[in-house]
Amino acid sequence: QAQLVESGGGLVQPGGSLRLSCAAPGSIFSRYAMGWYRQVPGKERELVAAVSSGGNTLTADSVKGRFSISKDNAKNTVYLQMNSLKPEDTAVYYCNAHSVTFRPYDYWGQGTQVTVSS
(Lines give C-alpha, C1' and ligand atoms only; values in the text may rest on other atoms or scores of the structure.)
Protein backbone atom coordinates (compact mmCIF):
# COMPACT_ATOMS: atom_id res chain seq x y z
CA GLN A 1 0.00 0.00 0.00
CA ALA A 2 1.42 3.33 -1.07
CA GLN A 3 2.16 5.64 1.81
CA LEU A 4 3.47 8.59 -0.16
CA VAL A 5 1.49 9.60 -3.22
CA GLU A 6 3.20 11.89 -5.73
CA SER A 7 1.76 13.92 -8.56
CA GLY A 8 2.69 16.74 -10.88
CA GLY A 9 5.43 15.41 -13.13
CA GLY A 10 5.44 15.73 -16.89
CA LEU A 11 7.07 17.27 -19.92
CA VAL A 12 8.06 20.92 -19.86
CA GLN A 13 10.17 23.16 -22.06
CA PRO A 14 13.45 24.62 -20.82
CA GLY A 15 12.77 27.68 -18.71
CA GLY A 16 9.37 26.40 -17.70
CA SER A 17 7.93 25.48 -14.31
CA LEU A 18 6.37 22.50 -12.64
CA ARG A 19 5.09 21.80 -9.16
CA LEU A 20 5.32 18.38 -7.65
CA SER A 21 3.06 17.31 -4.80
CA CYS A 22 3.42 14.50 -2.30
CA ALA A 23 0.62 13.52 0.08
CA ALA A 24 1.37 11.47 3.18
CA PRO A 25 -0.63 10.02 6.06
CA GLY A 26 -0.77 12.37 9.01
CA SER A 27 1.10 9.92 11.22
CA ILE A 28 4.07 10.19 8.89
CA PHE A 29 3.79 13.82 7.86
CA SER A 30 3.78 15.14 11.41
CA ARG A 31 6.78 13.14 12.61
CA TYR A 32 9.08 12.77 9.63
CA ALA A 33 11.21 15.13 7.63
CA MET A 34 9.91 15.29 4.08
CA GLY A 35 12.10 15.59 1.03
CA TRP A 36 12.50 15.21 -2.69
CA TYR A 37 15.18 13.18 -4.42
CA ARG A 38 15.85 12.62 -8.07
CA GLN A 39 17.54 9.94 -10.07
CA VAL A 40 18.70 9.47 -13.64
CA PRO A 41 19.68 6.11 -15.11
CA GLY A 42 23.18 5.05 -14.12
CA LYS A 43 23.48 7.57 -11.32
CA GLU A 44 22.77 7.53 -7.62
CA ARG A 45 19.66 9.07 -6.24
CA GLU A 46 20.41 12.61 -5.05
CA LEU A 47 18.72 14.88 -2.56
CA VAL A 48 17.06 17.91 -4.12
CA ALA A 49 15.38 19.55 -1.15
CA ALA A 50 14.01 18.70 2.27
CA VAL A 51 11.92 20.21 5.03
CA SER A 52 11.98 19.15 8.65
CA SER A 53 8.90 18.53 10.74
CA GLY A 54 9.61 21.91 12.30
CA GLY A 55 9.75 23.67 8.94
CA ASN A 56 13.49 24.11 8.40
CA THR A 57 14.44 23.66 4.77
CA LEU A 58 17.51 22.81 2.79
CA THR A 59 18.07 22.87 -0.95
CA ALA A 60 20.80 21.33 -3.07
CA ASP A 61 23.27 23.79 -4.57
CA SER A 62 22.42 22.56 -8.05
CA VAL A 63 18.85 23.82 -7.78
CA LYS A 64 19.20 26.67 -5.28
CA GLY A 65 17.41 29.77 -6.46
CA ARG A 66 15.26 27.77 -8.89
CA PHE A 67 13.55 25.13 -6.75
CA SER A 68 11.79 25.55 -3.44
CA ILE A 69 10.19 23.12 -1.03
CA SER A 70 7.17 23.87 1.09
CA LYS A 71 4.52 22.01 3.00
CA ASP A 72 0.89 22.40 3.91
CA ASN A 73 0.31 20.89 7.34
CA ALA A 74 -3.46 21.03 6.94
CA LYS A 75 -3.25 18.88 3.82
CA ASN A 76 -0.34 16.66 4.89
CA THR A 77 1.28 17.55 1.60
CA VAL A 78 4.76 18.65 0.62
CA TYR A 79 5.47 20.53 -2.60
CA LEU A 80 8.47 21.05 -4.81
CA GLN A 81 8.17 24.19 -6.92
CA MET A 82 10.55 23.97 -9.85
CA ASN A 83 11.23 27.10 -11.89
CA SER A 84 13.66 27.89 -14.69
CA LEU A 85 13.91 24.22 -15.49
CA LYS A 86 16.89 22.95 -17.43
CA PRO A 87 17.36 19.78 -19.48
CA GLU A 88 19.71 18.49 -16.78
CA ASP A 89 16.80 18.54 -14.33
CA THR A 90 15.29 15.65 -16.27
CA ALA A 91 14.95 12.73 -13.86
CA VAL A 92 12.54 10.61 -11.90
CA TYR A 93 11.65 12.55 -8.77
CA TYR A 94 10.90 10.66 -5.57
CA CYS A 95 9.19 11.86 -2.44
CA ASN A 96 10.82 10.72 0.79
CA ALA A 97 9.89 10.73 4.44
CA HIS A 98 12.85 10.31 6.79
CA SER A 99 13.24 9.86 10.51
CA VAL A 100 16.17 9.01 12.77
CA THR A 101 13.77 8.16 15.58
CA PHE A 102 10.82 6.28 14.17
CA ARG A 103 10.90 3.07 12.18
CA PRO A 104 10.87 2.50 9.36
CA TYR A 105 13.46 5.23 8.92
CA ASP A 106 12.40 5.92 5.35
CA TYR A 107 9.30 5.86 3.21
CA TRP A 108 9.44 6.40 -0.54
CA GLY A 109 6.94 7.42 -3.15
CA GLN A 110 6.61 5.62 -6.46
CA GLY A 111 8.43 8.32 -8.41
CA THR A 112 7.24 10.78 -11.01
CA GLN A 113 9.00 11.54 -14.29
CA VAL A 114 10.05 15.09 -15.05
CA THR A 115 11.32 15.70 -18.57
CA VAL A 116 12.70 19.06 -19.63
CA SER A 117 12.99 19.23 -23.38
CA SER A 118 12.13 21.44 -26.31
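Cut-offs used in this document
Residue indices begin from 1 for each chain and proceed along its sequence in written order. Reporting in this predicted model follows two pLDDT cut-offs: at least 70 for local features of residues, and 80 or more for side-chain atom pairs to be given and counted; totals over whole chains, interfaces and linings ignore these cut-offs and use all residues. For side-chain calculations, the full set of non-hydrogen atoms in the structure is used, while hydrogens and water are omitted. Each helix corresponds to a stretch of at least 4 residues labelled H or I by DSSP, and each strand to a stretch of at least 2 residues labelled E; elements are numbered beginning at the N terminus. The quantity called the radius of gyration is restricted to C-alpha atoms. Its globule counterpart is 2.2 Å times the number of residues to the power 0.38. For the exposure calls, accessible area comes from a 1.4 Å probe over protein chains only, and a residue counts as buried if that area is under 20% of its type's maximum, exposed if over 50%, partly exposed in between. In short, DSSP must find at least two bridges between two strands for them to pair. Every angle, taken between N-to-C directions, lies between 0 and 180 degrees, and every axis is a line fitted to C-alpha atoms, over only the stretch in contact when it is a helix. Here a polar contact means two N or O atoms within 3.5 Å. Within protein one must be a hydrogen donor candidate and the other an acceptor candidate, and residues neighboring in sequence count only if both atoms are side-chain atoms. We call two residues in contact whenever any of their non-hydrogen atoms come within 4.5 Å of each other.

Peer 1: With reference to specific residues and values, describe the overall build of the protein.
Peer 2: A tally of regular secondary structure across the protein gives 1 helix and 11 strands. Counting helices and strands in the order they occur from the N terminus, the protein gives β-β-β-α-β-β-β-β-β-β-β-β. In terms of overall dimensions, the protein is globule-like: its C-alpha atoms have a radius of gyration of 14 Å, near the 13 Å expected for 118 residues. The principal-axis extents of the C-alpha atoms in the protein amount to approximately 40 × 25 × 25 Å. Of all 118 residues assigned to the protein, the portion counted as buried reaches 38%.

Peer 1: Go over the sheet that holds strand S3 (residues 18-23), please, and point to the residues and values.
Peer 2: Here 4 strands make up an open sheet; going across it, the order is S1-S3-S8-S7 and the pairing antiparallel. Each edge of the open sheet carries a strand with a single partner, namely strand S1 (5-7) and strand S7 (67-72). Going from strand to strand, the sheet's axes swing by 15° on average, the running direction of each strand aside. Pairing geometry for S7 and strand S8 (residues 77-82), over 6 bridges, is antiparallel. Counted as the bridge partner of aspartate 72 is threonine 77 from S8.

Peer 1: How would you sum up the side chain of arginine 66? Please name residues and give values.
Peer 2: Mapping arginine 66 onto the fold places it in the loop between strand S6 (57-59) and S7. Classification of arginine 66 by relative accessible area gives buried; the value is 12%. Of the polar contacts made by the side chain of arginine 66, one reaches the side chain of aspartate 89; its length is 2.7 Å. Residues within four places of arginine 66 in sequence aside, it is in contact with Gln81, Met82, Asn83, Ser84, Leu85, Lys86 and Asp89.

Treat this as a map of the structure, not an account of what it does.
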